[in-house]
Amino acid sequence: MLPLLAPPSSFRKQFNAWRAKKRGEWRSTLTEKGGEAFPEEATEINDKDTLYFRRFDKMQRDYLKSLVSPTLIDEHRRCPLGQHSEALERLLNYFRRQPQVDKYAITTVEPFKAYRIVALAGHRGVAPRLVEDKIYGSQEEAYHGVFLRRVQDLLES
(Lines give C-alpha, C1' and ligand atoms only; values in the text may rest on other atoms or scores of the structure.)
Protein backbone atom coordinates (compact mmCIF):
# COMPACT_ATOMS: atom_id res chain seq x y z
CA MET A 1 0.00 0.00 0.00
CA LEU A 2 1.36 3.42 -0.99
CA PRO A 3 1.41 6.14 1.65
CA LEU A 4 -0.71 9.18 0.87
CA LEU A 5 1.06 12.52 0.76
CA ALA A 6 -1.87 14.44 2.10
CA PRO A 7 -5.36 13.55 3.26
CA PRO A 8 -7.98 13.47 0.46
CA SER A 9 -9.87 16.39 1.98
CA SER A 10 -6.87 18.72 1.46
CA PHE A 11 -6.71 17.65 -2.21
CA ARG A 12 -10.36 18.55 -2.55
CA LYS A 13 -9.77 21.96 -0.96
CA GLN A 14 -6.79 22.64 -3.22
CA PHE A 15 -8.75 21.60 -6.30
CA ASN A 16 -11.76 23.76 -5.34
CA ALA A 17 -9.48 26.75 -4.73
CA TRP A 18 -7.79 26.23 -8.10
CA ARG A 19 -11.16 25.87 -9.85
CA ALA A 20 -12.50 29.05 -8.20
CA LYS A 21 -9.38 30.91 -9.32
CA LYS A 22 -9.75 29.72 -12.91
CA ARG A 23 -13.46 30.56 -12.89
CA GLY A 24 -12.65 34.09 -11.72
CA GLU A 25 -10.01 34.50 -14.43
CA TRP A 26 -12.46 33.32 -17.10
CA ARG A 27 -15.19 35.69 -15.91
CA SER A 28 -12.83 38.66 -15.79
CA THR A 29 -11.88 38.17 -19.44
CA LEU A 30 -15.54 38.20 -20.45
CA THR A 31 -16.66 41.23 -18.46
CA GLU A 32 -13.83 43.54 -19.54
CA LYS A 33 -15.20 44.13 -23.06
CA GLY A 34 -18.86 44.89 -22.51
CA GLY A 35 -18.78 46.47 -19.09
CA GLU A 36 -21.55 44.27 -17.70
CA ALA A 37 -21.01 41.93 -14.76
CA PHE A 38 -22.27 38.37 -14.48
CA PRO A 39 -24.47 37.58 -11.48
CA GLU A 40 -21.72 35.33 -10.05
CA GLU A 41 -19.23 38.19 -10.27
CA ALA A 42 -21.70 40.66 -8.77
CA THR A 43 -21.77 38.72 -5.51
CA GLU A 44 -17.98 39.02 -5.24
CA ILE A 45 -17.94 42.84 -5.66
CA ASN A 46 -18.41 44.67 -2.38
CA ASP A 47 -19.04 48.13 -3.82
CA LYS A 48 -22.27 47.80 -5.83
CA ASP A 49 -21.85 51.32 -7.23
CA THR A 50 -19.20 49.96 -9.57
CA LEU A 51 -21.75 47.55 -11.05
CA TYR A 52 -24.25 50.31 -11.69
CA PHE A 53 -21.58 52.62 -13.08
CA ARG A 54 -20.37 49.92 -15.47
CA ARG A 55 -23.91 49.29 -16.68
CA PHE A 56 -24.60 53.02 -17.07
CA ASP A 57 -21.30 53.62 -18.87
CA LYS A 58 -21.98 50.77 -21.30
CA MET A 59 -25.47 52.07 -22.10
CA GLN A 60 -24.11 55.58 -22.56
CA ARG A 61 -21.30 54.39 -24.86
CA ASP A 62 -23.80 52.45 -26.98
CA TYR A 63 -25.99 55.54 -27.29
CA LEU A 64 -23.05 57.84 -28.10
CA LYS A 65 -21.84 55.45 -30.81
CA SER A 66 -25.18 55.95 -32.55
CA LEU A 67 -24.65 59.73 -32.51
CA VAL A 68 -21.32 59.66 -34.33
CA SER A 69 -21.78 60.65 -37.96
CA PRO A 70 -19.80 62.45 -40.69
CA THR A 71 -21.85 65.61 -40.11
CA LEU A 72 -21.01 65.55 -36.40
CA ILE A 73 -17.30 65.13 -37.13
CA ASP A 74 -17.45 67.91 -39.72
CA GLU A 75 -19.19 70.18 -37.19
CA HIS A 76 -16.31 69.65 -34.76
CA ARG A 77 -13.73 70.21 -37.49
CA ARG A 78 -15.29 73.56 -38.41
CA CYS A 79 -15.58 74.77 -34.80
CA PRO A 80 -13.76 72.72 -32.14
CA LEU A 81 -14.44 75.31 -29.41
CA GLY A 82 -17.62 77.16 -28.48
CA GLN A 83 -21.30 76.29 -28.89
CA HIS A 84 -22.18 72.95 -30.47
CA SER A 85 -25.24 70.90 -31.28
CA GLU A 86 -26.73 68.77 -28.53
CA ALA A 87 -25.27 65.54 -29.93
CA LEU A 88 -21.76 66.95 -30.11
CA GLU A 89 -22.05 68.47 -26.62
CA ARG A 90 -23.06 65.06 -25.21
CA LEU A 91 -20.11 63.42 -26.89
CA LEU A 92 -17.64 66.06 -25.69
CA ASN A 93 -18.99 65.91 -22.12
CA TYR A 94 -18.49 62.13 -22.11
CA PHE A 95 -14.89 62.57 -23.28
CA ARG A 96 -14.21 65.25 -20.67
CA ARG A 97 -15.25 63.11 -17.72
CA GLN A 98 -12.92 60.22 -18.53
CA PRO A 99 -10.07 59.48 -16.07
CA GLN A 100 -6.66 61.05 -16.64
CA VAL A 101 -4.85 57.78 -17.34
CA ASP A 102 -4.12 57.59 -21.10
CA LYS A 103 -6.24 60.67 -21.78
CA TYR A 104 -5.23 62.53 -24.92
CA ALA A 105 -3.86 66.06 -24.63
CA ILE A 106 -2.02 68.60 -26.74
CA THR A 107 1.57 69.67 -26.22
CA THR A 108 3.19 72.70 -27.80
CA VAL A 109 6.28 72.02 -29.90
CA GLU A 110 6.67 75.63 -31.03
CA PRO A 111 4.30 78.30 -29.69
CA PHE A 112 1.53 79.26 -32.16
CA LYS A 113 3.09 77.08 -34.90
CA ALA A 114 3.43 73.40 -34.01
CA TYR A 115 1.45 71.04 -31.75
CA ARG A 116 1.49 67.30 -31.03
CA ILE A 117 -0.88 64.83 -29.41
CA VAL A 118 0.28 63.06 -26.24
CA ALA A 119 -1.33 60.64 -23.80
CA LEU A 120 -1.22 61.56 -20.13
CA ALA A 121 0.25 59.04 -17.71
CA GLY A 122 -2.22 59.91 -14.98
CA HIS A 123 0.48 59.83 -12.30
CA ARG A 124 2.33 62.79 -10.88
CA GLY A 125 5.91 63.07 -12.07
CA VAL A 126 5.48 60.74 -15.04
CA ALA A 127 5.91 62.40 -18.42
CA PRO A 128 3.18 61.96 -21.04
CA ARG A 129 3.93 59.63 -23.92
CA LEU A 130 3.94 60.72 -27.55
CA VAL A 131 0.98 59.22 -29.43
CA GLU A 132 1.94 60.05 -33.01
CA ASP A 133 4.66 61.88 -34.93
CA LYS A 134 2.23 64.12 -36.81
CA ILE A 135 2.66 67.83 -36.15
CA TYR A 136 -0.42 70.07 -36.34
CA GLY A 137 -0.13 73.63 -37.61
CA SER A 138 -2.77 75.16 -35.33
CA GLN A 139 -4.42 74.51 -32.01
CA GLU A 140 -7.80 73.93 -33.69
CA GLU A 141 -6.32 71.19 -35.90
CA ALA A 142 -4.76 69.57 -32.85
CA TYR A 143 -8.08 69.75 -30.95
CA HIS A 144 -9.78 68.02 -33.86
CA GLY A 145 -7.02 65.39 -33.99
CA VAL A 146 -7.62 64.62 -30.30
CA PHE A 147 -11.37 64.47 -30.96
CA LEU A 148 -10.89 61.96 -33.81
CA ARG A 149 -8.72 59.74 -31.61
CA ARG A 150 -11.32 59.79 -28.84
CA VAL A 151 -14.11 58.97 -31.28
CA GLN A 152 -12.06 56.08 -32.64
CA ASP A 153 -11.49 54.74 -29.11
CA LEU A 154 -15.22 55.06 -28.39
CA LEU A 155 -16.20 53.16 -31.53
CA GLU A 156 -13.70 50.39 -30.70
CA SER A 157 -14.99 49.96 -27.13
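Before any of the text, the structure's been laid out above.
Given the structure is predicted, the values throughout are model-derived calculations rather than measurements. (Residues numbered from 1 in each chain as written. Predicted model: local features only at pLDDT ≥ 70, side-chain atom pairs only at ≥ 80, totals over all residues. Heavy atoms only, no water.)

Comments concerning the overall build of the protein
Along its length, the protein carries six helices and three strands. For the protein, the N- to C-terminal ordering of α and β elements is α-α-α-α-α-β-β-β-α. Classification of the 157 residues of the protein by burial places 26% in the buried group. Excluding contacts between residues fewer than 6 apart, the proportion of contacts in the protein whose partners are at least 24 apart in sequence is 40%. When the accessible area of the protein is evaluated, it comes to approximately 11,300 Å², of which 57% is carbon and sulfur surface. (Helix = DSSP H or I, 4+ residues; strand = E, 2+ residues; numbered from the N terminus. Buried < 20%, exposed > 50% of the residue type's maximum accessible area, 1.4 Å probe, protein only. Contact = heavy atoms within 4.5 Å. Areas by Shrake-Rupley, 256 points an atom, 1.4 Å probe, with all protein chains shown as cover.)

Considerations on the packing of helix α4 (residues 70-78) against helix α5 (residues 86-96)
Axis separation between α4 and α5 bottoms out at 10 Å; the angle between their running directions is 75°. On the basis of their axis angle, the class for α4 and α5 is roughly perpendicular. On α5, the residues that touch L72, E75 and H76 of α4 are A87, L88, L91 and L92. A breakdown of the residues in the contact of α4 with α5 according to their chemical character gives five nonpolar, one polar and one charged. (Axes fitted to C-alpha atoms, helices over the stretch in contact; angles between N-to-C directions. Parallel < 35°, antiparallel > 145°, perpendicular 65-115°, else oblique. Nonpolar A, V, L, I, M, F, W, Y, C, P; charged D, E, K, R; others polar.)

Description of the side chain of H76
On the secondary structure map, H76 appears in helix α4. Of the polar contacts made by the side chain of H76, one reaches the side chain of H144; its length is 3.0 Å. The contact partners of H76, leaving out residues within four places of it in the chain, are L88, L92, Y143, H144 and F147. (Polar contact = N/O pair within 3.5 Å; in protein donor to acceptor, adjacent residues only side chain to side chain.)

Concerning the pattern of salt bridges
Counting across every chain of the model gives nine salt bridges. A salt bridge links K58 to D62, with the shortest nitrogen-to-oxygen separation between them at 3.0 Å. A residue pair is termed a helical-turn pair when its members lie 3 or 4 positions apart in one helix, as K58 and D62 do in helix α3 (residues 48-67) at four residues. For K58, a relative accessible area of 23% gives the class partly exposed. Exposure remark for D62: the relative accessible area of 37% places this residue in the partly exposed category. Residue D102 pairs with R129 through a salt bridge whose shortest N-O separation is 3.5 Å. (Salt bridge = Lys/Arg side-chain N within 4 Å of Asp/Glu carboxyl O.)

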